[in-house]
Amino acid sequence: MSGAIVKRTPFFKILIANRGEIALRIMRSARRLGYGVVAVYSDADRDALHVREADQAVRIGEALPAQSYLKIDAIVAAAKASGAGAVHPGYGFLAENEDFAQACRNAGLVFIGPSPEAILAMGNKAGAKEIMQRAGVPCVPGYQGADQSDAVMLAEVKAIGFPVMIKAVAGGGGRGMRLVADAAAFSDALRSARSEAQGAFGDPTVILERAIVDPRHIEIQVFGDRHGNAVHLGERDCSVQRRHQKLIEEAPSPAVTPELRARMGTVAVQAVKAIGYEGAGTLEFLLDRAGNFYFMEMNTRLQVEHPVTEAITGLDLVELQLRVASGERLGLRQEDITFSGHAIEVRLCSEDAGHDFMPQSGTMARWQMPDGIRVEHALLSGSEIPPFYDSMIAKVISHGATRDEARGRLICALEQVTAFGVTTNQGFLIDCLRHPVFAKGEATTAFIGNNRDALLAPRPDRGTDLALAALLLYVTNPHAPPWRRGRSLSATFPLGLRIDLGHGVQEIEIVRERDGSYRAARNGDRFSFEIDELSQDSIRFHHDGLMEQARFLRDGDRLHILHRGVTLSVRDLTLAPPESAAAAGGDGKVRAAMNGRVVAVLVKAGDKVAAGQPVMTLEAMKMEHVHTAGVAGTVSSIDVAEGEQVTTGKIVVEIDAAA
């Protein structure tokens, strides 16, 4: 990356206007190049790892993003107070906000990214589509007009035809985006998209696009400098998504030929050269089965999935950002860029895949990442995962000579991830990577929807997992006799255990046999275990003629266990009183399903409601979650107000059941 240095803008310390793993990722490259680093933090992040690792850190406000990471004045003031000469926005928050880039410019700070003018031109979905259409780039038919009235939007969506996508103009990451199948669902989807867009980006404006059925999501990484140079670094395939948010990304795409790569890359480079684009950017396209591609949007920032491009090109994209921002020429010609092997990234998220990917927050009691593979994260054992930010907590990236090699390495690594205390999508990611459709490289954006039942189906050996969990509850009980290897003088009496998996209670019977082995019985099935070694956090045992190992953490009456790549969290309810139907809402009380903020109360006292009717919308980790009535009846009480922060289990709406 050598090249003449002209129009250099010197800076020696960088403030990172972000949090978590991306803040640490930027620090790593910045320090290697000799820059000092400054972190910012909200009250929720006071003890976060990115704060501990920085040279300096500045508090910028309260927990909610609007009160901290979205406060332009506070971040600029933090940069000035710390003596930073440049600001790196990372991704999300203010990364694509032209006002923030302009505020940095006005304060004499180098914004490590494109100019405010380029962000305004390409960061806004509606404006970007107009630029692309003028340039002759194929775009999805839609509406991006200034008139946002309900009547106009309804008329336009009828002209476009269903299915249709509603998209927030000001941001990405799937927030403010809704797929609408018919006119009956349009009004509610429009309201929800606007509300989510306002909360995430401070702008409720949306556009409409015809939905392309079962496309691939392909993006082209571009880089430009202030001297008019621009290149592309190939494509990434980001088709595996849930709720329009990416879960798995890979480079190169299994569906893109060298000829198609050249065509898409040429279009992308021409587009950024036309607006004098500086820094890292990504043009996103939909690719249909016939090989036609349609421009969707441009992300005027570094992408979450940039590590897969780094893996196959050997380039450090953050380093390139810093060099370009300081005034250096890009120092790369298109013919200099080569691709080696295949890379795949998965996003490890604190969410419950089995319950509609509901976000999870809390304390990560034990956190241990695998060796020998790239992992980007910002957690330690004991770290708090707050409910105010994105649910992604780590990225695991593999690189191999072939796609199959990269996929196999990634599966092996995910099986070693220890994340105890907060539910994650670890097992779901493994199942996605193993699925025949993904293994063949045939996944489209419909992959999860089309294969949801198979991906969420219980494992064939789930009974073994439950029996092993019950055994561990038995042998690690602090009041139980200490475990000893070898024979027992006599068989013990059967001990019945009631264990809670979070989604139902199981009855399991444990017996220690005369030979020292254990037998677990559940629903007529029997499982035999012989313990070879038991420590404070792992067990080695024989089962069905195989020696296996599992990691675990005993925390009071709760046990976390990692076995064959799947993490279970179980609770010992043996001595607890039976739970009522209240947890299912059968008592007429609607309870918050997670920590979050009330963004909409959809009913009022006195309203008649049907079972399953939406009554309240909660926002957690940047996503909206509708809560419904558990019974039919009359709303007797609203126990929360819009804007209120609530905790899991809090009663939000009360309903008197119909007689």
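About the criteria used
- Residues numbered from 1 in each chain as written.
- Predicted model: local features only at pLDDT ≥ 70, side-chain atom pairs only at ≥ 80, totals over all residues.
- Heavy atoms only, no water.
- Helix = DSSP H or I, 4+ residues; strand = E, 2+ residues; numbered from the N terminus.
- Rg over C-alpha atoms; globule rule 2.2 N^0.38 Å.
- Buried < 20%, exposed > 50% of the residue type's maximum accessible area, 1.4 Å probe, protein only.
- Contact = heavy atoms within 4.5 Å.
- Lys, Arg positive; Asp, Glu negative; His and termini not counted.
- Charge placed at Lys NZ, Arg CZ, Asp CG, Glu CD.
- Core = buried A, V, L, I, M, F, W, Y, C linked by side-chain atoms within 4.5 Å.
- Pairing = 2+ DSSP bridges.
- Axes fitted to C-alpha atoms, helices over the stretch in contact; angles between N-to-C directions.
- Polar contact = N/O pair within 3.5 Å; in protein donor to acceptor, adjacent residues only side chain to side chain.
- Parallel < 35°, antiparallel > 145°, perpendicular 65-115°, else oblique.
- Nonpolar A, V, L, I, M, F, W, Y, C, P; charged D, E, K, R; others polar.
- Phe/Tyr/Trp six-rings, centres within 6.5 Å; stacked < 30°, edge-to-face > 60°.
- Lys NZ or Arg CZ within 6 Å of the ring centre and 35° of its normal.
- Disulfide = S-S within 2.5 Å.
- Salt bridge = Lys/Arg side-chain N within 4 Å of Asp/Glu carboxyl O.

Visitor: How would you summarise the overall build of the protein if you had to cite specific residues and measurements?
Guide: Counting secondary structure elements, the protein contains 17 helices and 39 strands. Taken over the C-alpha trace, the protein has a radius of gyration of 26 Å; the compact-globule value for 659 residues is 26 Å, and the two agree within 12%. Principal axes of the C-alpha set define a box for the protein whose edges measure 85 × 60 × 55 Å. A buried classification covers 54% of the 659 residues belonging to the protein. Of the contacts made within the protein by residues no fewer than 6 positions apart, 62% connect residues no fewer than 24 positions apart. Of the side-chain charges in the protein, 72 are positive and 81 negative, and the distance between the mean point of each set is 2 Å.

Visitor: Could you give me a rundown of the nonpolar core, with the residues and numbers involved?
Guide: Generally speaking, a soluble globular protein has its nonpolar side chains buried in company with each other. If you look at the biggest cluster of nonpolar residues, it comprises 73 residues, and the most contacted ones within it are Ile14, Ile248, Trp367, Leu414 and Leu433. Those residues in contact with Leu414 that lie beyond four places of it in its chain are Val346, Val396, Gln426, Leu429, Ile430 and Leu433. In this structure, Leu468, Tyr474, Tyr518 and Leu568 belong to the second largest nonpolar core, which totals 28 residues.

Visitor: Account for the sheet that holds strand β36 (residues 623–628), with residues named and values stated.
Guide: Across the sheet, four strands lie side by side as β36-β35-β33-β38; this open sheet has antiparallel pairing. A single partner strand is all that each edge strand has here, and the edge strands are β36 and β38 (645–646). The sheet strands contacting helix α8 (residues 186–201) are β33 (596–601), β35 (614–620) and β36, and the helix crosses β36 at an angle near 135 degrees.

Visitor: A description of the pairing of β33 should follow, citing residues and the corresponding values.
Guide: Note that β33 and β38 share two bridges and pair antiparallel. What sits directly across from Gly596, in β38, is Val646.

Visitor: Go over the side chain of Asp532, please, and point to the residues and values.
Guide: Relative to the elements of secondary structure, Asp532 occurs in strand β27 (residues 525–534). In this structure the side chain of Asp532 is engaged in a polar contact, spanning 2.6 Å, whose partner is the side chain of His542.

Visitor: Help me get a handle on the packing of helix α4 (residues 98–106) against helix α5 (residues 116–123), residues and values and all.
Guide: Think of two packed helices as two axes; the pair is described by the angle between the axes and how far apart they sit. Following both chains from N to C, one finds α4 and α5 inclined at 175 degrees, their axes separated by 8 Å at the closest point. Between α4 and α5, the angle is such that the two are roughly antiparallel. Packed against α4, whose contacting residues are Glu98, Ala101, Gln102 and Arg105, the element α5 presents Pro116, Glu117, Ile119 and Leu120 at the interface. Considering only residue class, the contact of α4 with α5 consists of four nonpolar, one polar and three charged.

Visitor: Which residues make up the sheet that holds strand β15 (residues 342–349), and what are the values?
Guide: One open sheet accounts for eight strands, arranged β14-β13-β10-β11-β12-β15-β22-β20; its pairing is antiparallel. Each edge of the sheet is formed by a strand with only one pairing partner; in this case those strands are β14 (293–299) and β20 (374–377). If you compare each strand with its neighbour and ignore which way they point, the axes differ by 25 degrees on average. By the bridge criterion, eight bridges tie β15 to strand β22 (residues 392–400) in an arrangement that is antiparallel. What sits directly across from Ile344, in β22, is Ser398. Most of the contacts of helix α9 (residues 258–274) go to strand β11 (residues 230–242), to which it runs at about 110 degrees, and overall it touches β10 (216–224), β11, β13 (279–287) and β14.

Visitor: Could you give an account of the packing of aromatic side chains, naming the residues involved and the relevant values?
Guide: Across all of its chains, the model carries eleven aromatic pairs by this definition. Taken together, a centroid distance of 5.2 Å and an interplanar angle of 80 degrees make the contact between Phe357 and Phe428 edge-to-face. Of this pair, Phe357 sits in the loop between β16 (351–352) and β17 (358–359) while Phe428 sits in helix α13 (residues 426–434); the two residues are 71 residues apart in sequence, bridging distant segments of the chain. For the ring pair Tyr474 and Tyr518, a centre distance of 6.0 Å and an interplane angle of 70 degrees mean the geometry is edge-to-face. Taken together, the positions of Tyr474 in helix α17 (residues 462–475) and Tyr518 in strand β26 (residues 518–522) put the pair 44 residues apart, joining distant regions of the chain. An identical accessibility class is assigned to Tyr474 and Tyr518; each is buried. Sitting over the ring of Phe339, Arg261 keeps its end group 5.9 Å from the ring centre. Sitting above the plane of the Phe438 ring, Arg403 keeps its charged end 4.6 Å from the centroid.

Visitor: Describe the state of the cysteines, naming the residues involved and giving the relevant values.
Guide: Counting across every chain of the model gives zero disulfides. Between Cys238, a cysteine without a disulfide, and Cys349, which holds the nearest cysteine sulfur, the sulfur-to-sulfur distance is 14 Å. The thiol of Cys432 is unpaired, and the distance to the nearest cysteine sulfur, on Cys349, comes to 11 Å. According to the relative accessible area criterion, Cys432 is buried, its value standing at 0%.

Visitor: An account of the pattern of salt bridges is needed here, citing residue identities and associated values.
Guide: Within the structure shown, the criterion is met by 47 salt bridges. When the shortest N-O distance is used, the salt bridge between Arg409 and Glu405 registers 3.0 Å. A residue pair is termed a helical-turn pair when its members lie 3 or 4 positions apart in one helix, as Arg409 and Glu405 do in helix α12 (residues 403–415) at four residues. Residue class for Arg409 comes out partly exposed when judged on its relative accessible area of 44%. Exposure remark for Glu405: the relative accessible area of 31% places this residue in the partly exposed category. Here the salt bridges do not stand alone but share partners, grouping Arg25, Arg28, Arg32, Glu310, Asp316, Glu319, Arg323, Glu328, Arg374 and Glu376 into one network.

Visitor: Describe in detail the side chain of Thr282, supporting the description with residues and values.
Guide: With respect to the secondary-structure elements, Thr282 resides in strand β13. Looking at Thr282, the relative accessible area reads 0%, which means it is buried. With residues near it in sequence (within four places) discarded, Thr282 still touches Glu219, Ile220, Gln221, Val222, Arg236, Glu297, Met298, Asn299, Arg301 and Gln303.

Visitor: Any chance you could break down the pairing of strand β31 (residues 566–572) for me, citing the residues and the numbers?
Guide: Inspection of the sheet shows strand β24 (residues 495–500) paired to β31 by two bridges, in the antiparallel sense. The residue bridging Asp500 from the neighbouring strand is Arg571, located in β31. Direction of pairing for strand β30 (residues 558–563) relative to β31: antiparallel, over a ladder of six bridges. Looking at the pairing, His563 lines up with Val566 of β31. Where β30 folds back onto β31 in an antiparallel hairpin, the turn is made up of two residues, including Arg564, whose phi is positive at roughly 55 degrees.

Visitor: Hey, could you go over the environment of Thr282 for me, with residue numbers and the actual values?
Guide: It is 7.8 Å that separates the C-alpha atoms of Thr282 and Leu302, two residues lying 20 residues apart in sequence. There is a polar contact of 3.2 Å between the side chain of Thr282 and the side chain of Arg236.

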